[in-house]
Amino acid sequence: MNQALAVQSGKPMITKEFPKWPIWNDEEINRVEQAVRSGVWGVEGPLLTEYANRFADLQHAKYALPVCNGSIAIDLALEVLDLRAGDEVLVPDYTFMATAVAPIRRGMKPVLVDVDRNTFNIDPECIINAITNRTRAIIPVHFGGLPCDMEAIMTIAERYGLLVIEDCAHAHGAHLNGQYVGNWGSVGTFSHQSSKTLCAGEGGTVVTNSTRLFTLMKSIYNAGRHGCEVDYNHYRCGTNYRMTELQAGLLLAQLDRFEALAEKRERGGALLNNLLSEINGVRPQVRTANLGRHGYYLFTFILEDDIDRDSFKNTLRAEGVPVEDEYPALHSLECLKKKDVTRGHFPVSQMLEDRSVWISHNALLANEDQITLIADAVRKVINHKNVL
Ligand SMILES: Cc1ncc(COP(=O)(O)O)c(C=O)c1O
């Protein structure tokens, strides 16, 4: 393992390309063509109905509503749960900004909560410390696709009378303790933006098991009409959060291969987790004991060794590993500082901002030998830490 680093003109550890994302074939083209040729491109289309039913089945939820993106999905959940301006909503400090910005845009106060050092998910103990008499809801995010400790979170929610919206943007098809994500709280929200594991360029889906919430969401997202009608009877001041038939076509084709790919990512992720756990200086996100299936939107690990993280990332990229850039912690974002919502103590989230390394999910779709080479590449870079 003492070959020269690729950044020093050595041979890269991995020369074969990883599968590209998104994966698509004639099925996507056929489904979109079907939508185009039908002449029905909007909310009344049959592909949207088929997609909603199949996505609800995938997540084991009673209802699914396709919407235009994952940010709006959170907004819709906040509205139907009757959360109001001034309410405090607990969100993890380490997530994509939309989780915190959706409440801000409705005049609520997102209260940032530190995450757990092993799972990188919102820390239930920190949730308890953040509760005030204005707290109304929690938005746990299944970070990278690893389900949060939903049993602990639901126990806290029940004890303090809080609502739970699960942000499942990273966690399509993930489950723990036999229960799929999106079903633990009142509403679960998903994103289908291009990089997601079920994608249509843009898009979102909201799931719920409540007939009341579903009926309300279906009205609000379609200009206050009853359901998916296209008439001019508006029963409330709704808006337009609808998905198109063309996106539903893409998602149906993606759904056809979702299970096979999710299983492959799960096996690849578990393998890489085992291999990296044996390397001194790195610490992968923990696969919890009650995990059924990780969503693996991301494979993440902490670089514990005292190596400059950006040099490590660039060196690993040169070895052929698809390393992505990571989120800043929310408390570091200037736009949130201006809203005065970033005060607090977030040592774990800060550590993720400074020391985490992300590998994109397409890497986990490679064969075992190539995944093993990722671990070899990490070891190689760590062995050369003196020259980084
Ligand atoms: C955790 C999380 N929540 C919400 C969103 C918002 O989804 P969208 O980009 O579809 O609006 C994303 C998107 O990346 C996300 O990662």
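A. Quick peek at the sheet that holds strand E14 (residues 356-360). Taken in spatial order, the four strands make up an open sheet running E10-E12-E14-E13, and their pairing is antiparallel. Only two strands of the sheet have a single partner each, and these edge strands are strand E10 (282-284) and strand E13 (323-324). The pairing of E13 with E14 spans two bridges and is antiparallel. Following the sheet pairing, Glu324 is matched in E14 by Trp358. Most of the contacts of helix H8 (residues 245-277) go to E10, to which it runs at about 150°, and overall it touches E10 and strand E12 (298-303).

B. Focus on the packing of helix H2 (residues 46-59) against H8. Relative to each other, H2 and H8 sit at 35°, their axes nearing to 9 Å. Like other packed secondary-structure pairs, H2 and H8 cross with a definite hand, here left-handed. Two secondary-structure elements touch here, H2 through Leu47, Leu48, Glu50, Tyr51, Arg54 and Leu58 and H8 through Glu245, Ala248, Gly249, Leu251, Leu252, Leu255 and Phe258. Residues that form the contact of H2 with H8 fall into these classes: nine nonpolar, one polar and three charged.

C. Structural detail: the environment of Ile220. Positionally, Ile220 belongs in helix H7 (residues 211-220). On the neighbour-count criterion, Ile220 (21 C-beta atoms within 10 Å) is buried. Through-space distance from the C-alpha of Ile220 to that of Leu76 is 7.9 Å; in sequence the pair is 144 residues apart. Leaving out residues up to four positions away in the same chain, Ile220 has contacts with Leu76, Glu79, Val80, Arg236, Gly238 and Thr239.

D. Looking closely at the site of the ligand. Surveying the vicinity of the ligand reveals 14 residues, the closest of which are Gly70, Ser71, Phe96, Ala169 and Ser191. Listed by contribution, the elements that provide at least two residues to the shell around the ligand are helix H3 (70-80) and helix H4 (98-105). Grouping the amino acids of the shell around the ligand by side-chain chemistry returns four nonpolar, nine polar and one charged.

E. View of the pairing of strand E1 (residues 63-67). Counting buried positions along E1 yields five of five residues, so the element is predominantly enclosed. Of the two faces of E1, both are covered, the one formed by Tyr63, Leu65 and Val67 as well as the one formed by Ala64 and Pro66. Pairing of E1 with strand E9 (residues 204-208), which is carried by five bridges, proceeds in the antiparallel orientation. If you follow Tyr63 over to E9, its bridge partner there is Thr208.

F. Representation of the sheet that holds strand E11 (residues 291-293) in the model. Strand order across the open sheet formed by three strands is E7-E6-E11, with antiparallel pairing between neighbours. Every interior strand has two partners, whereas the edge strands, strand E7 (179-180) and E11, have only one. Across two bridges, strand E6 (residues 175-176) lies against E11 in antiparallel orientation. Across the sheet, the residue bridging to His175 is Arg293, located in E11.

G. Molecular detail of unusual backbone geometry. The step from Trp21 to Pro22 runs through a cis peptide bond, and the omega angle for that step is 0°. Along the chain, Pro22 turns up in the segment before helix H1 (26-38). A positive phi angle is found at His60, which is not glycine, with a value near 60°. Relative to the assigned elements, His60 resides in the loop between H2 and E1. By the C-beta count within 10 Å, which is 15 here, His60 ends up partly exposed. Positioned with a positive phi, Asp82 is a non-glycine residue whose angle comes to about 65°.

H. Expanded view of the domain arrangement of the protein chain. The domain boundaries assigned to the protein chain delineate domain 1 (26-253) and domain 2 (258-387). Taken together, the contacts link 35 residues of domain 1 with 31 residues of domain 2. If you list the elements that add at least two residues to the side of domain 1 that touches domain 2, you get H4, strand E3 (109-113) and E6. Looking at which element gives the most residues to the side of domain 1 that touches domain 2, the answer is E3, with three residues. Here the side of domain 1 that touches domain 2 is built from residues that sort into 16 nonpolar, 13 polar and six charged.

Rules of the game
Residues numbered from 1 in each chain as written. Predicted model: local features only at pLDDT ≥ 70, side-chain atom pairs only at ≥ 80, totals over all residues. Pairing = 2+ DSSP bridges. Helix = DSSP H or I, 4+ residues; strand = E, 2+ residues; numbered from the N terminus. Contact = placed C-beta atoms within 7 Å. Axes fitted to C-alpha atoms, helices over the stretch in contact; angles between N-to-C directions. Left-handed = near helix turned anticlockwise from the far one by under 90°. Nonpolar A, V, L, I, M, F, W, Y, C, P; charged D, E, K, R; others polar. Buried ≥ 20, exposed ≤ 12 C-beta atoms within 10 Å, placed from the backbone. Near = placed C-beta within 6 Å. Domains from an automatic or database assignment.

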